[in-house]
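# Coordinates in review
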Amino acid sequence: MSRKFSLAYLTIPGTGVVEHIRIAAEAGYDMVSLRTIPMHLPNEPLFIMEKDAALFNATKAALREYGLGLNDIELARVRGDLHIEEYKPAFEKGAELGARNVLSSIWCKDKPYIYEQFGRICDMAAEYDMTVNLEFVTFAGVTDVREALDVLHTVARPNARLMVDTLHAHRSRVTAAELAAVPRELFGFIHLCDGPGPIPALDDPSMIGVAREGRLYIGAGGVDIAGMLKAMPANDVSIELPNSAEMSARGAAGHAAECLRSAKAYFAAHNID
């Protein structure tokens, strides 16, 4: 299989960076995805490479020791109270670690502001030869493929791509046919997970709760993963599958390993390259 798999930060949240890399390597992943631009959520550790030389050096050494790549750094959000200039040092350090991608999402509805800010994020990332992957999130400001493509077409940056998270796509009622209609060159990497089939209301606590700590192993839920993946090019996958119960039961390493095992078994069963 030419497609590569990355272990996303949120799959084993709170795990130290070097431990995250070791777990990914031992489980058989090809890459890791690291949160070096914090969201400042409760109990979220800070992995700010540009302010912690020891952490940066340890991360660089661990990537080299275990032979893993850095697929992406996250999360470069567009929101009215955030200053995107603060992302630039993280982009620089991410590029030094070999990151190819930046993950971005949009959390407001002011379209002129969105276009201007997202365009500037793309321009900053371009200085370091990185691609910006725009993720639509059901409960955010840009919520589906249509809205994400509007941003991409408007800013018209050559390093901007669409990032599809299979849970958010399902909950935003995005169909495989809708994905198949997107020009293939616009797709970036993919966030992979399963989730419950029923779609909760936006104000239901499970809308955010499942996204942050209740996603399911591939094939264990009601998301049309095979349909989505076959509608998109065989791009690299970052498994973002937070599940607090499974992590408690299996430990971070066991949970990460089962995420990859179930994904590869699903791909084989459904003839997905």
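Another aspect to go through is the overall build of the chain. The number of helices and strands found in the chain is 10 helices and 8 strands. Here the chain has a C-alpha radius of gyration of 17 Å; the compact-globule value for 273 residues is 19 Å, and the two agree. Oriented by its inertia axes, the alpha-carbon framework of the chain measures out at about 45 × 40 × 35 Å. When each of the 273 residues of the chain is scored for burial, the buried share is 55%. Nonlocal contacts in the chain, meaning residues at least 24 apart in sequence, comprise 82% of its contacts between residues at least 6 apart. Roughly 11100 Å² of accessible area belongs to the chain as shown, and the carbon and sulfur atoms make up 52% of that amount. Averaging the locations of the 27 positively and 36 negatively charged side chains of the chain gives two centres separated by 2 Å.

What follows is about the layout of surface pockets. Counted as a void, the largest pocket has a volume near 440 Å³. Residue composition of the lining of the largest pocket, by class: 13 nonpolar, 4 polar and 7 charged. If you add up the space inside the second largest pocket, you get close to 280 Å³. Along the wall of the second largest pocket there are 16 residues; nearest its centre are Ile37, Pro38, His40, Glu86 and Tyr87. Residues that form the lining of the second largest pocket fall into these classes: 8 nonpolar, 3 polar and 5 charged.

Before going further, it helps to spend a moment on the state of the cysteines. One pass over the structure, following the stated rule, counts 0 disulfides. Residue Cys122 stays outside any disulfide, its sulfur separated by 15 Å from that of Cys108, the closest cysteine. Of the residues examined, Cys122 reaches a relative accessible area of 0% and is grouped as buried. Looking at the unpaired Cys193, the closest cysteine sulfur is the one in Cys259, lying at 9.3 Å.

Another point: the pattern of salt bridges. The tally for this structure, following the rule as stated, stands at 18 salt bridges. Through salt bridges with shared partners, a single ionic network connects Glu19, Arg22 and Glu26.

Orientation of helix 1 (residues 17-27) relative to helix 2 (residues 53-66), taken along the N-to-C sense of each, is 10 degrees, at an axis distance of 9 Å. By the angle class used here, helix 1 and helix 2 are roughly parallel. In this structure, helix 1 uses Val17, Val18, Ile21, Arg22 and Ala25 to contact helix 2, whose residues at the interface are Leu55, Ala58, Thr59, Ala62, Leu63 and Tyr66. Among the residues forming the contact of helix 1 with helix 2, the class breakdown is 9 nonpolar, 1 polar and 1 charged.

The next subject is the packing of aromatic side chains. Scanning all chains against the criterion turns up 3 aromatic pairs. With a centroid separation of 6.4 Å and an interplanar angle of 35 degrees, the aromatic rings of Tyr87 and Phe91 are classed as tilted. Comparing Tyr87 with Phe91 shows no difference in burial state: the two are buried. Between Trp107 and Phe139, the ring centres sit 6.0 Å apart and the planes meet at 55 degrees, which makes this aromatic pair tilted. In this pair, Trp107 sits in the loop between strand 4 (101-106) and helix 4 (111-126) while Phe139 sits in the loop between strand 5 (131-135) and helix 5 (145-155), placing the two residues 32 residues apart along the sequence. Between Lys93 and the ring centre of Phe56, over which it is positioned, the NZ or CZ distance is 4.6 Å.

What counts, and at which threshold
Residues numbered from 1 in each chain as written. Predicted model: local features only at pLDDT ≥ 70, side-chain atom pairs only at ≥ 80, totals over all residues. Heavy atoms only, no water. Helix = DSSP H or I, 4+ residues; strand = E, 2+ residues; numbered from the N terminus. Rg over C-alpha atoms; globule rule 2.2 N^0.38 Å. Buried < 20%, exposed > 50% of the residue type's maximum accessible area, 1.4 Å probe, protein only. Contact = heavy atoms within 4.5 Å. Areas by Shrake-Rupley, 256 points an atom, 1.4 Å probe, with all protein chains shown as cover. Lys, Arg positive; Asp, Glu negative; His and termini not counted. Charge placed at Lys NZ, Arg CZ, Asp CG, Glu CD. 1 Å grid on protein atoms, 1.4 Å probe; cavity = no way out; pocket = protein on both sides within 12 Å on 5 of 7 lines; lining within 4 Å. Points joined across faces, edges and corners; volume = space filled by probe spheres on them. Nonpolar A, V, L, I, M, F, W, Y, C, P; charged D, E, K, R; others polar. Disulfide = S-S within 2.5 Å. Salt bridge = Lys/Arg side-chain N within 4 Å of Asp/Glu carboxyl O. Axes fitted to C-alpha atoms, helices over the stretch in contact; angles between N-to-C directions. Parallel < 35°, antiparallel > 145°, perpendicular 65-115°, else oblique. Phe/Tyr/Trp six-rings, centres within 6.5 Å; stacked < 30°, edge-to-face > 60°. Lys NZ or Arg CZ within 6 Å of the ring centre and 35° of its normal.

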